[in-house]
Amino acid sequence: MKATGIVRRIDELGRVVIPKEIRRTLRIREGDPLEIFTDREGEVILKKYSPIGELGDFAKEYAESLHQTLSYTVAICDKDTVIAVSGSKAKELMDRPLHDDIENIMENRERVLKNRKNGDTMLSVTLADTDPQQVYSSQVVVPIVSAGDAIGAVVLLGRDENAPMQGTEMKVCETAACFLGKQMEN
């Protein structure tokens, strides 16, 4: 654990303010759920809670199944990070923080289909993406919605210029996102 040197007092209602610098660094926004842990030494640990992250192994198997069926790279994301990926570029995507492009799509509950062949500008998936226009030839992004909240996204990434994504790939992503959202409600 890393000490920050910041000290805060608990108010009369038991609240503690998490400093803005830490919220910004950890990408904690108003309304984000935090999980509370304690250890034997009396430490209280706050961890950003990811409901879709609880599906970890299931999400990985689902991504692998979609990849085997469609032959595209498949990424399943929570609100901040890629939590499961299958296909090429898997190592470059896994556990990486999401780019604002994907976060905005989730926040606005958009469904996006892009093909470079049609003149579309490719989206950056993670903060590490330097030039998505050169890496991807097509993309589909569909938010995962559970109990009315966008909690993640299913992302398909194509690299073959001669195999642009179409409505079928969009429908598959919509089905996957709907299914994962329903799993979170059960």
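From a predicted model like this one, the values you see are computed outputs, not experimental measurements.

Draft legend 1. View of the packing of helix H2 (residues 56–70) against helix H6 (residues 167–185). Running from N to C, H2 and H6 cross one another at 165°; their axes reach a closest spacing of 12 Å. Classified by the angle between their axes, H2 and H6 sit roughly antiparallel to one another. For the pair H2 and H6, the crossing hand works out as right-handed. Here Phe58, Tyr62, Leu66 and Leu70 of H2 come into contact with H6, specifically with Val172, Thr175, Ala176, Phe179, Leu180 and Gln183. The residue makeup of the contact of H2 with H6, split by class, is eight nonpolar, two polar and no charged.

Draft legend 2. Fine view of the nonpolar core. Within the largest apolar cluster, 25 residues are counted, with the highest numbers of intra-cluster contacts made by Ile52, Ile76, Val140, Ile144, Val154, Leu156 and Leu180. Mapped by element, the contributors of at least two residues to this core are H2, strand E3 (73–77), strand E4 (82–86), strand E6 (138–146), strand E7 (149–158) and H6. Looking at which element gives the most residues to this core, the answer is H6, with six residues. Once residues within four sequence positions are removed from consideration, Val140 is found in contact with Val112, Leu113, Val154, Val155, Leu156, Met165, Glu169, Met170 and Cys173. Membership of the second largest hydrophobic core comes to 19 residues, among which are Leu93, Leu98, Val112 and Ala150.

Draft legend 3. Spotlight on the layout of surface pockets. Its boundaries defined by the atoms lining it, the largest pocket holds a volume of some 930 Å³. Lining of the largest pocket is provided by 24 residues; of these, Ile18, Ile22, Val44, Ile45 and Leu46 occupy positions nearest its centre. Contributing elements (two or more residues each) for the lining of the largest pocket: helix H1 (20–26), strand E1 (34–38) and strand E2 (44–48). Ranked by residues supplied to the lining of the largest pocket, first place goes to E2 with five residues. Here the lining of the largest pocket is composed, by residue class, of 17 nonpolar, two polar and five charged.

Draft legend 4. Structural detail: the environment of Lys117. Residue position: Lys117 is located in the loop between strand E5 (112–115) and helix H5 (132–135). Each C-alpha atom of the pair Lys117 and Ala163 lies 9.8 Å from the other, and the pair is 46 residues apart in sequence. Setting aside anything within four residues of it in sequence, one finds Lys117 in contact with Ser137, Glu161 and Asn162.

Draft legend 5. Structural context of the sheet that holds E3. Judged by pairing direction, the sheet is antiparallel, and its five strands sit side by side in the order E4-E3-E7-E6-E5 without closing on themselves. Looking at the sheet topology across the chains shown, the edges are occupied by E4 and E5. Between one strand axis and the next, the sheet turns by 15° as a mean value, whatever way the strands run. Both E6 and E7 contribute to a ladder of nine bridges, which runs antiparallel. If you follow Pro143 over to E7, its bridge partner there is Ala153. In the packing of helix H4 (residues 100–108) onto the sheet, contacts are made with E5, E6 and E7, and the angle to E6 comes to roughly 45°. The strands touched by H6 within the sheet are E3, E5, E6 and E7, with E6 carrying the most contacts at an inclination of about 25°.

Draft legend 6. Spotlight on the pattern of salt bridges. Evaluated as defined, the whole model comprises seven salt bridges. The salt bridge involving Asp11 is made with Arg15; its shortest N-O contact spans 2.8 Å. Among the charged side chains, a salt-bridge network with shared partners connects Arg111, Lys171 and Glu174.

Draft legend 7. How the structure looks around the environment of Ala59. With respect to the secondary-structure elements, Ala59 resides in helix H2. As for Ala59 and Ile76, which are separated by 17 residues in sequence, their C-alpha atoms are 6.8 Å apart. With sequence-adjacent residues up to four places away left out, Ala59 is seen in contact with Ile76, Ile83 and Ala84.

What counts as what
- Residues numbered from 1 in each chain as written.
- Predicted model: local features only at pLDDT ≥ 70, side-chain atom pairs only at ≥ 80, totals over all residues.
- Heavy atoms only, no water.
- Axes fitted to C-alpha atoms, helices over the stretch in contact; angles between N-to-C directions.
- Helix = DSSP H or I, 4+ residues; strand = E, 2+ residues; numbered from the N terminus.
- Parallel < 35°, antiparallel > 145°, perpendicular 65-115°, else oblique.
- Left-handed = near helix turned anticlockwise from the far one by under 90°.
- Contact = heavy atoms within 4.5 Å.
- Nonpolar A, V, L, I, M, F, W, Y, C, P; charged D, E, K, R; others polar.
- Core = buried A, V, L, I, M, F, W, Y, C linked by side-chain atoms within 4.5 Å.
- Buried < 20%, exposed > 50% of the residue type's maximum accessible area, 1.4 Å probe, protein only.
- 1 Å grid on protein atoms, 1.4 Å probe; cavity = no way out; pocket = protein on both sides within 12 Å on 5 of 7 lines; lining within 4 Å.
- Points joined across faces, edges and corners; volume = space filled by probe spheres on them.
- Pairing = 2+ DSSP bridges.
- Salt bridge = Lys/Arg side-chain N within 4 Å of Asp/Glu carboxyl O.

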